[in-house]
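Close look at the chain arrangement
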Amino acid sequence: MLKRRDILMLGGGSIVALPLTPIPYKLLDDTAIWTQNWPWIPVPKAGAASVKNSVCTLCRAGCAIAVRMVDDRPIGVMPRGEAPGGICALAFGSHQLPWHKARLRTCLLDGKPADCAGVAAAVANAAAGGKTVAVLDERPGRAMSGLYRRFASAMEKGIYATPVIQETATLEAAGQLCGGKSKLRYDWSKAATVLSVGAPLLDGWPGAAELIARRAKGEVKLIHAGSNYSRQAQLSERFIPLAPGSECAFALGLAGALMAQGAPKADGLREFESIVSRFPLERASAMTALKPETFKELAQILAGNSPAVVVGGGDFASGPFEAETEELLAALNVLLGSVGREGGIIARPEWPGEAESKRWNEIPDGSVDVLIADRAAAGFALPWNVIERKLAKGAFVAAISTWNEGLATRAQAVVAAPAPMEDWTESAQADQAGWAVAPAVLKRQEGAVTPDEFLTALAAAMSLQLGDGFGIEDEMKSLAAKIHASKKGEASGQKVSAMATADDLWKAISEGAAWSDQAAPAQSLKPRLPGAKPEEMERLLAVANSHPPKSKPEGFPLALLATGWVAAGAGAKPPLARKVEDESLLRRPAGRAAMNPSTAQGLGLKNGDAVKVETRRGEQQMTLTLDDAVLPNAIESEVVGGGAMELFEAGPDGTWRQAWARVRRA
Amino acid sequence: MRSAIFFLTGVAMMLLGGWVGLPKVLYKQQAQPLDFSHKAHVVKAEMDCTGCHDFREDGSFAGVPKLDNCAGCHAEPVGTTANEKKLVEAHVTPEKEIGWLVYSKQPINTRFSHAIHVKKAELKCERCHGEHGKTETLRPYEYNVVSGYSRDIWGRSVSRLRRASHEGMKMDDCMDCHKEKGAVAGCLGCHR
């Protein structure tokens, strides 16, 4: 007779033996797999796998990539051998961008869906009567830039404009010191010391791969001076923290320290000395919050480890420096004897893609009646008020954009441009002669209009004559033909001079080969230090003395600094990049503000608090992160996504290095 | 004594159920659409693996042979077997692909390059597929009713102890070999 106790013993024996069987482990494993394979999870269609060579055009670095395809769908992106530094998280997820939720599905007119002809008619109507029409191109040097320039010059009052290109800002200032005609570049291959002032050289600049490789071999010493402990600061051997907005004072102080070590041979030294003498080291020290010894020590390092090069340009989020700061940074290179020397700043060849343009900040305020802005991701932020300042009252704005963000949300007309990989896109390196093309690998979304198609429609609506061959493919072939005719440079290792026809070069470029011309032309550079004219001297001193801004408004005690990576201007971030960065906190996610714990303690705030950051332009809610690396009495605000950028006010020169802010718990 | 007997019976039943019963319940069998003798092709016809499981011109692996591969030799029967007759009549003539059930089919979140492993790392086919290339008939395809995966992914041995080097295609198996060879692939090297 079976008793209750027998059943319990039988059950007990079974339970004891259960861990000795594969049942729990196998079922756990299988169930885990089962949960990853729910029937409602979409499964990509299988197909023929292939790989297409291309380049990433999300920023100007133009890294060589290979796009993994299944049938006609891009499913992944890998770096190619020509990108020795690898590729960034943005590039890794770039194949996801055509499906991004911020993608514009159709052209818009006053926020309502419209077709290309409708948008063109509205822009033509706004431009009628000889109005001033500006075409703003954030990525100059492309074949598309050539089309914008042609379009602007076909109009009576057309302006082809570009913003300050940060990678070339110091080079252009150095070019001015050399007489204004020289095209220059940095010689990363031989530099022994690089002092980056605010510039994120290793974190998104073209040429980063070469510097990273040389740094790993101990061939180059990197020093970073800036107001935030950026990725560049972390990767440098030494970080010199500067009080926010004091870069100009830092440059002048360092010039003084260099000159005190021994008079370098440079034209204009006497006049420049008189500027430096009016800005003693103690003053530079007080403004930058650095000890005078730091300037002296830095001057010794730079002079003792030549060739040394000083690089400015600003960064992706907090924008360019004032022209005067760039001029003084260029002057440091002259003092170091680095202009015209291998390993410093050298002459570079011109190339057919370059064209004269008007700098956006040189356009008179309130003079633009119609703006056509190409929002091809430039990598750096461009706040609305930098653009707004130049617009006439009631101006009409048309944005050519893939994403419904930034300028597209301000514009009356929006042209829905194809996403990356859906159409030809280009990478033109601003700081050297380089050009690469990414072919279309994905069928273009219905409703997307390419910039050249829009310009053609607009020209028809405005009765403009654009000439023959006004199309991106024709323009790119024409550019390839010009390069081939010059016989200069090479395309992914193959010399252009060895290519029989221009078609051979175009074929190579259209299949992912990057063209570049590294040859330094035989050109003697004779730089002259600034300050020859009294007004020039006063201008430089005025800027050095005015930073940090004295006009701190009552009740706004904190220096607000914009921080962000190349994605600050990229429009949309691929989900893969967002997941990797946001979850790892390798980069601060959007909507985050960071503050030194001592500053937070004084304000009664703690880590993770929801706070409102307020400037005179408005307020934004953010989540507070406490970070020892943030300077006291400063707050760093991540501007990815554009929201926090609204808090900054650009000056007349188009810079927005810092704003005064106050913070309170939300 | 009586209690001990029931206790030990419980232990024995669970062990038996776990080690013998579980695989029978967990795996279901499915017959291949057509039988195939690897031995006949490799030994008699003196073909090698890549004769049918070929690499494309771009270096990528073509995978399980398509009907075209078979039709190249078997447009008409060249032997007298029932299987060949079925191949020609049911597939080659009506141009109907054979729906082979792939023993080593990898999960959707995985990618595997035969080209890298066979050409670059010079692994033999047998390293992962064992003596499959010498079999006279195709064994039934077995799949896990919970995960849906082929049994070959876990391996024949439910304990995964004392299994042959080619048994099992779980991540651990890949990792063991990678560790042994010092090959670094990273997460995205194998996972989509």
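Here the structure is shown first, and the text comes after it.
What you see is a predicted model; the values in this text were computed from it and never measured.

Some details on the overall build of chain B
Helix and strand content of chain B: ten helices and two strands. Scanning chain B from its N terminus toward the C terminus, one meets helices and strands in the order α-β-α-α-α-α-α-α-β-α-α-α. Its C-alpha radius of gyration of 21 Å places chain B more than 25% over the 16 Å reference for a compact globule of 192 residues. Dimensions along the principal axes, computed over C-alpha positions, put chain B at roughly 70 × 45 × 30 Å. Out of the 192 residues in chain B, the part that is buried amounts to 11%. If you take every contact in chain B between residues at least 6 apart in sequence, the share linking residues at least 24 apart comes to 66%.

As for the overall build of chain A
Each helix and strand in chain A was counted, giving 20 helices and 28 strands. Seen through its principal axes, chain A has C-alpha atoms that stretch 115 × 65 × 55 Å. Within chain A, buried positions represent 53% of all 666 residues. Here the contacts in chain A between residues at least 6 apart in sequence split such that 75% fall between residues at least 24 apart.

Let's talk about the sheet that holds strand S19 (residues 433-438) of chain A
All names here are of chain A. Here we have five strands laid out as an open sheet, ordered S18-S19-S22-S20-S21, and antiparallel in their pairing. Sheet topology places strand S18 (425-429) and strand S21 (494-495) at the edges, where each strand pairs with a single neighbour. With two bridges joining them, strand S20 (residues 490-491) and strand S22 (residues 515-517) adopt antiparallel strand pairing. In the strand pairing of S22, glutamate 490 is matched with serine 516.

Looking at the sheet that holds strand S17 (residues 413-416) of chain A
Residue and element names in this part refer to chain A. One open sheet holds the eight strands; their spatial order is S5-S4-S17-S16-S15-S6-S7-S14, and the pairing between them is mixed. The sheet is open, and its two borders are formed by strand S5 (112-114) and strand S14 (358-359), each paired with just one other strand. Looking at chain direction, strand S4 (residues 107-109) and S5 are connected through three bridges and run antiparallel. Bridge pairing in S5 links cysteine 107 to alanine 114. Relative to strand S7 (residues 158-162), helix H5 (residues 143-154) is tilted by about 150 degrees, and along the sheet it contacts strand S6 (133-137), S7 and strand S15 (368-374).

With respect to the environment of alanine 255 of chain A
Residues and elements named next belong to chain A. Its location among the elements puts alanine 255 in helix H9 (residues 247-260). A count of 25 C-beta atoms within 10 Å places alanine 255 in the buried class. Between the alpha carbons of alanine 255 and leucine 328 there is a distance of 8.2 Å; along the sequence they are 73 residues apart. Alanine 255 has contacts with Val276, Leu328, Ala331, Leu332 and Leu335, leaving out every residue within four places of it along the chain.

A look at the environment of alanine 408 of chain A
All names here are of chain A. Mapped onto the elements, alanine 408 comes out in the loop between strand S16 (391-401) and S17. Residue classification places alanine 408 among the buried residues on the basis of 25 C-beta atoms within 10 Å. Spatially, the C-alpha atom of alanine 408 lies 9.3 Å from that of leucine 108, the residues being 300 residues apart in sequence.

With respect to the interface of chain B and chain A
With 22 residues of chain B at the contact, the number on the chain A side is 23 residues. Considered class by class, the residues forming the side of chain B that touches chain A number 13 nonpolar, nine polar and no charged.

Points about unusual backbone geometry
Peptide bonds are, in most cases, trans, and in most cases residues other than glycine have a negative phi. Residues and elements named next belong to chain A. Residues serine 306 and proline 307 are joined by a peptide bond in cis, for which omega reads 0 degrees. Relative to the helices and strands, proline 307 resides in the loop between helix H12 (292-304) and strand S12 (308-311). The backbone of methionine 421 sits at a positive phi, close to 85 degrees, despite the residue not being glycine. On the secondary structure map, methionine 421 appears in the loop between S17 and S18. Classification of methionine 421 as buried rests on a count of 22 C-beta atoms within 10 Å. We note that asparagine 633 has phi near 60 degrees; this positive angle belongs to a residue other than glycine. Considering the arrangement of structural elements, one finds asparagine 633 in the loop between strand S26 (618-626) and strand S27 (634-638).

Points about the nonpolar core
Judged by nonpolar contacts, the single largest core of 202 residues is most densely connected at Val123, Leu332, Ala398 and Val415 of chain A. Ranked by the residues each element gives to this core, the list is headed by H9 of chain A, at nine residues. Among all residues touching alanine 398 of chain A, those that are not within four sequence positions of it are Val119, Val123, Leu371, Ile372, Ala411, Ala413 and Val415 of chain A. Formed by six residues, the second largest nonpolar core is a distinct cluster that contains Cys128, Tyr143, Tyr149 and Met169 of chain B.

About the thresholds
Residues numbered from 1 in each chain as written. Chains lettered and ligands numbered in written order. Predicted model: local features only at pLDDT ≥ 70, side-chain atom pairs only at ≥ 80, totals over all residues. Helix = DSSP H or I, 4+ residues; strand = E, 2+ residues; numbered from the N terminus. Rg over C-alpha atoms; globule rule 2.2 N^0.38 Å. Buried ≥ 20, exposed ≤ 12 C-beta atoms within 10 Å, placed from the backbone. Contact = placed C-beta atoms within 7 Å. Pairing = 2+ DSSP bridges. Axes fitted to C-alpha atoms, helices over the stretch in contact; angles between N-to-C directions. Nonpolar A, V, L, I, M, F, W, Y, C, P; charged D, E, K, R; others polar. Core = buried A, V, L, I, M, F, W, Y, C linked by C-beta atoms within 7 Å.

Geometry only, nothing functional implied.
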